[in-house]
Amino acid sequence: MMKKTVYITDTILRDAHQSQAATRMRTEDMLPACKVLDEIGYWSLECWGGATFDACMRFLNEDPWERLRTLKSHMPNTKLQMLLRGQNILGYKHYADDVVDAFCKKSIENGIDVVRIFDALNDVRNMEMAMKCVKEYGGICEAAISYTTSPFHNEDYFVQLAVELEKKGADVLCIKDMANLLLPFEAYNLIRRLKENLSIPIHLHTHNTTGTGDMTYLLAIQAGVDIVDCALSPLANGTSQPTTESLVATLKGTDYDTCLSLEKLTEAARHFRGVAAKLKSEGFLDPKVLSVDTNTLLYQVPGGMLSNLISQLKDAKAEDKYYQVLEEIPRVRQDFGYPPLVTPTSQIVGSQAVLNVLSGERYKIFTKESKGLLRGAYGKVPAPINADVRNKAIGNDPLITCRPADLLQPELEHYRQEAGALAHSEEDVLSYALFPKVAQTFFQVRDAPPLQPTPEVPSVSKVRTLYVQDLSL
């Protein structure tokens, strides 16, 4: 057999802590490891996009753009990768094409090399604009298919989708298996089919939620996959990715050798053990995210959704309803037309399941987002929607059958005017466009004058001395 180096993307700076610790890793936690990370020889480091943009401003009081620039300056030799939600960019609704264009341009200018673009419904219409812009501004366009299972999703469906994405200009094809549903032998068969039908590299992303991630990677590698996503051991496994060091050790000396240094990986992992301990002490690393649960094959809950679901139930003081909510999720998903569960559909279906359980009555309350999904505001769902549920949610409201963004007028200038003096740069305008309230609060805190030290209250004797000095003048 001909030797074939397997390349690795490490997710330690993005998906690993999004999946396990609600995206709470700070830039200061990353910087001490950047030098060794940059020396390892990864195909890329995923460090931006997904939920990091929102979390930076909302929870960490950090500028996501400044994080990106800082990471780029500290890791000039490694491709930096981000996750982009197609027409949703990094938010939870569709944005006009001019906002998508500006965001792709600025992301690449600020240091991103690889942009992984997906749509939660696998509606290619929602990916085309971002794909076009990434290529136009010199980025590597990695188009992703959101992997899921249902009576309407099979191997032929995914192969056809992948072929369409290559025709649309994808430089790399990613299989985004966000809930570890792609089992090992299914992965082998799918990768073989894709290698027969595509001429571009194939990048496989999975998690270890069901405990099968390592086996899935091994069989995918034997089938010819080019790149896989792993996470350094302190934040690996469970709802995160399979462990980088373990895969590198497994492949060492074989025809698939990654050529990465275990010594340097160990050095980087040593730093992140301390970061993981800190995140645990702060209450963000819940033990539930580390356990294997093959019931995920039924629930289909991805890692980031799971950690946020736990937080949501904690806030509602309803942790005892955890398994009831998990059982409700696949029922809601079926009613909603079997969307893959990935942002934003994972949040939409998950929140609706929480409401159904906590209110004591299914579909007593609908979220605004649930109504939008049922109406077609996010694109075309893969399967028929439960007509009774849709009627209860939106009544006679007209359905959206076109590309949702075609209904949007250019809006970047509107956001620029609205942000006003709060925005000091085009990057600030884009932050505001995606998260107006969060960005406004962040800008106000960022731009507030530093607190003045409390003036010293002089003692009586000091006042007398000062007074005498004044008289002597």
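About the thresholds
- Residues numbered from 1 in each chain as written.
- Predicted model: local features only at pLDDT ≥ 70, side-chain atom pairs only at ≥ 80, totals over all residues.
- Heavy atoms only, no water.
- Pairing = 2+ DSSP bridges.
- Helix = DSSP H or I, 4+ residues; strand = E, 2+ residues; numbered from the N terminus.
- Axes fitted to C-alpha atoms, helices over the stretch in contact; angles between N-to-C directions.
- Contact = heavy atoms within 4.5 Å.
- Salt bridge = Lys/Arg side-chain N within 4 Å of Asp/Glu carboxyl O.
- Buried < 20%, exposed > 50% of the residue type's maximum accessible area, 1.4 Å probe, protein only.
- Parallel < 35°, antiparallel > 145°, perpendicular 65-115°, else oblique.
- Left-handed = near helix turned anticlockwise from the far one by under 90°.
- Nonpolar A, V, L, I, M, F, W, Y, C, P; charged D, E, K, R; others polar.
- pLDDT = per-residue confidence, 0-100.
- Phe/Tyr/Trp six-rings, centres within 6.5 Å; stacked < 30°, edge-to-face > 60°.

Once that is clear, we can look at the sheet that holds strand β8 (residues 227-230). On the basis of which strands lie adjacent, the closed barrel formed by 8 strands has the order β1-β2-β3-β4-β5-β6-β7-β8 and parallel pairing. Averaged over all neighbouring strand pairs, the angle between strand axes comes to 30 degrees, with direction disregarded. Of the strand pairs in this sheet, strand β4 (residues 114-117) and strand β5 (residues 140-146) are connected by 4 bridges, and their pairing is parallel. Bridging from a neighbouring strand, V114 pairs with I140 of β5. Sheet strands touched by helix α9 (residues 213-223): β7 (202-205) and β8. Its angle to β7, the strand with the most contacts, is close to 170 degrees.

Overall, the coordinates contain 33 salt bridges when judged by the stated rule. R14 serves as the salt-bridge partner of E46, at 2.8 Å between the closest nitrogen and oxygen. Of this pair, E46 sits in strand β2 (residues 44-49) while R14 sits in the loop between β1 (7-10) and α1 (15-21), and the two are 32 residues apart along the sequence. For the pair E46 and R14, one class covers both residues: buried. Salt bridges linked by common partners bring D63, D428, R446 and D447 together as one network.

Next up on the list: the packing of helix α8 (residues 184-197) against α9. Interaxial distance between α8 and α9 falls to 8 Å at its minimum, and their mutual angle equals 30 degrees. Of the possible angle classes, the one that applies to α8 and α9 is roughly parallel. As α8 packs across α9, the resulting crossing turns out to be right-handed. Contacts between α8 and α9 involve P184, F185, A187, Y188, I191, R192 and K195 on the former and, on the latter, M215, T216, L219, A220, Q222 and A223. Of the residues in the contact of α8 with α9, the class split is 9 nonpolar, 2 polar and 2 charged.

Looking at the chain, the pLDDT average stands at 92 and 94% of residues meet or exceed 70. Note on residues 457-473: pLDDT under 50 across the span, and 2 contacts to partners over four residues away in sequence or across chains.

Right, let's talk about the packing of helix α5 (residues 97-109) against helix α6 (residues 128-136) for a bit. Running from N to C, α5 and α6 cross one another at 35 degrees; their axes reach a closest spacing of 9 Å. Our pair here, α5 against α6, has a crossing hand that is right-handed. Every residue of α6 that contacts α5 at D97, V100, D101, C104 and I108 is listed here: M129, A130, C133 and V134.

Given two aromatic rings, their pairing is described by the distance between the two centres and the angle made by the two planes. Summed over all chains, the structure comprises 16 aromatic pairs. Considering the side-chain rings of Y322 and Y323, the 4.8 Å spacing of their centres and the 80 degrees angle between planes classify their relative orientation as edge-to-face. You can call Y323 partly exposed: its relative accessible area is 48%. With a centroid separation of 6.0 Å and 55 degrees between ring planes, the pair formed by F442 and F443 is classed as tilted. Of the two residues, F442 and F443, both sit in the buried class. Members of the aromatic cluster, each reached through a chain of ring pairs, are W48, F53, W65, Y92, F103 and F435.

Here L355 shows up in helix α15 (residues 345-358). The exposure class of L355 is partly exposed, given its relative accessible area of 25%. Each C-alpha atom of the pair L355 and G224 lies 43 Å from the other, and the pair is 131 residues apart in sequence. Beyond its immediate stretch of four places on either side in the chain, L355 contacts I365 and T367.

With that out of the way, let us pick up unusual backbone geometry. Omega for the bond connecting T343 with P344 falls within 30 degrees of zero, at 5 degrees, which places this linkage in the cis form. Inspection of the secondary structure assignment puts P344 in the loop between α14 (322-335) and α15. Positive phi values are uncommon outside glycine, yet T23 reaches one of about 65 degrees. Within the element layout of this structure, T23 appears in the loop between α1 and α2 (27-40). Judged by relative accessible area, T23 falls into the buried class, the value being 6%. Positive phi, normally seen in glycine, also occurs at N122, with a value near 60 degrees. Its place among the elements puts N122 in the loop between β4 and α6. Classification of N122 as buried rests on a relative accessible area of 7%.

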